[in-house]
Amino acid sequence: MSLPTLPPLREVIARHGLSASKALGQNFLFDEQLLDRIAAIPGPLEGEQVYEVGPGPGGLTRALLRAGAKVTAVERDRRCLPALEDLSDAFPGQLRVIEGDAMKIDPFHEIGEPFHIASNLPYNVGTALAVGWLSGEEWPPAWKSLTLMFQREVADRIVAKPGTDAYGRLAILAQWRCEARIAMPVHRSAFTPPPKVMSAVIHIVPAVQPEGVRMATLEGLTAAAFGQRRKMLRQSLKGVPSALEAMDQVGISAERRPETLDIQEWVELARLLETVR
Ligand code: SAM
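Now for a look at the structure at hand. (Residues numbered from 1 in each chain as written. Predicted model: local features only at pLDDT ≥ 70, side-chain atom pairs only at ≥ 80, totals over all residues. Heavy atoms only, no water.)

**Details of the sheet that holds strand β6 (residues 143-151)**
Pairing in this open sheet of seven strands is mixed, and the strands run β4-β3-β2-β5-β6-β9-β7 from one edge to the other. Of all strands in the sheet, those bounded by a partner on one side alone are β4 (95-99) and β7 (178-186). Strand-to-strand twist in this sheet, taken as the mean axis angle between neighbours without regard to direction, amounts to 20°. With two bridges joining them, strand β2 (residues 49-53) and strand β5 (residues 115-120) adopt parallel strand pairing. (Pairing = 2+ DSSP bridges. Helix = DSSP H or I, 4+ residues; strand = E, 2+ residues; numbered from the N terminus. Axes fitted to C-alpha atoms, helices over the stretch in contact; angles between N-to-C directions.)

Spelled out as structure tokens, the structure:
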């Protein structure tokens, strides 16, 4: 099937008067080859459901549609809706646009079957959205993969390894039951307007959840420990019931600092806490 011819994205912006709003975290991508490469990160999308946050003028959206995806996109800025309507006309039956705040939307409720998530995230709500998608008690989750553009510093925290400055709650959340990797660094000059910092696209897929551990227990532990990351665990975990005894049983020294524990050790600690409580 031949693909529709679309106007260049710069022309779409000009035609619809879409000057970038800083408050809405608008940094647009216009390079269609780059957008096609991002849309290829989740793997073949022909006939797959994709949820996109913040389509804006529709750069990533058109790349996802070209890949054959059925896209449900939520956009807060109503100025973008006419441009997205044109896209919907060009790919009949493939694009549904919801005007609203992604922080208030449950994609599973909207789509009703498993889906991929792909987004050039607005920086002001990006981390909160990702934390929400990674935090569900239900596992495997309704999403099949996350392909997300972040500021490089956030991307580094997601894939961080123990013993590094970037390693903390976000790394543990993203890695204890998922595979997370940096799929593509993206130079700031690729965006209009260019942000102050570099970016990267992260790819995350769900893995098997370790048995006998609840998200809430692991989160409670890591929040207390990394909330005082310079302190020894003896001090930072004092307020977490049974944590010090559990550390003793697992053989983790209370003199260690939180960034020295690998994910396996955090999981073992949380598992033991489940059994003693
Ligand atoms: N996808 C476009 C691209 O790659 O060129 C635009 C990406 S831009 C970084 C972020 C987009 O998210 C903007 O279109 C902005 O209006 C939208 N946005 C910001 N906050 C939002 C929210 N809470 N819910 C939904 N969309 C939001």
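**Concerning the packing of aromatic side chains**
Each aromatic ring pair is specified by the distance between its two centres and by the angle formed by the two planes. For the coordinates displayed, the defined rule picks out four aromatic pairs. Aromatic pair Trp-139 and Trp-143: ring centres 5.9 Å apart, planes at 85°, arrangement edge-to-face. Judged by its relative accessible area of 16%, Trp-139 falls in the buried class. You can call Trp-143 buried: its relative accessible area is 5%. Between Phe-226 and Trp-266, the ring centres sit 5.8 Å apart and the planes meet at 45°, which makes this aromatic pair tilted. Here Phe-226 is found in helix α9 (residues 215-227), whereas its partner Trp-266 is found in helix α12 (residues 263-276), with 40 residues between them in sequence. Both residues of the pair, Phe-226 and Trp-266, count as buried. Among the aromatic side chains, those forming a connected cluster through ring pairs are Tyr-167, Phe-226 and Trp-266. Positioned above the aromatic ring of Trp-139, the side-chain terminus of Arg-177 is 3.7 Å from the ring centre. (Phe/Tyr/Trp six-rings, centres within 6.5 Å; stacked < 30°, edge-to-face > 60°. Buried < 20%, exposed > 50% of the residue type's maximum accessible area, 1.4 Å probe, protein only. Lys NZ or Arg CZ within 6 Å of the ring centre and 35° of its normal.)

**Quick word on the site of the ligand**
Residues in close proximity to the ligand total 20 residues, the closest being Leu-29, Gly-54, Glu-75, Asp-101 and Asn-120. Gln-26 places a side-chain nitrogen or oxygen 2.9 Å from an oxygen atom of the ligand. Interatomic distance of 2.8 Å between a backbone N/O atom of Leu-29 and an oxygen atom of the ligand. Cavity membership is defined here by more than half of the atoms lying within 2 Å of grid points; on that basis the ligand lies in the largest pocket. Secondary-structure elements contributing two or more residues to the shell around the ligand are β1 (28-29) and β3 (70-75). Per-class residue counts for the shell around the ligand are eight nonpolar, seven polar and five charged. (Near = heavy atom within 4 Å. Polar contact = N/O pair within 3.5 Å; in protein donor to acceptor, adjacent residues only side chain to side chain. 1 Å grid on protein atoms, 1.4 Å probe; cavity = no way out; pocket = protein on both sides within 12 Å on 5 of 7 lines; lining within 4 Å. Sits in = over half its atoms within 2 Å of the grid points. Nonpolar A, V, L, I, M, F, W, Y, C, P; charged D, E, K, R; others polar.)

**Concerning the side chain of Glu-265**
By the secondary structure assignment, Glu-265 is in helix α12. In terms of polar contacts, Glu-265 uses its side chain to reach the side chain of Arg-256, at 3.0 Å. Beyond its immediate stretch of four places on either side in the chain, Glu-265 contacts Ile-252, Arg-256 and Thr-260. (Contact = heavy atoms within 4.5 Å.)

**Some words on unusual backbone geometry**
Omega for the peptide link from Trp-139 to Pro-140 comes to 0°, which places this bond in the cis form. Locating Pro-140 in the fold gives a position in the loop between α6 (123-134) and β6. Of the consecutive residues Thr-192 and Pro-193, the connecting peptide bond is found in the cis state with omega at -10°. If you check the backbone angles, Ser-242 has positive phi at about 70° while not being a glycine. Inspection of the secondary structure puts Ser-242 in the loop between α10 (233-236) and α11 (243-250).

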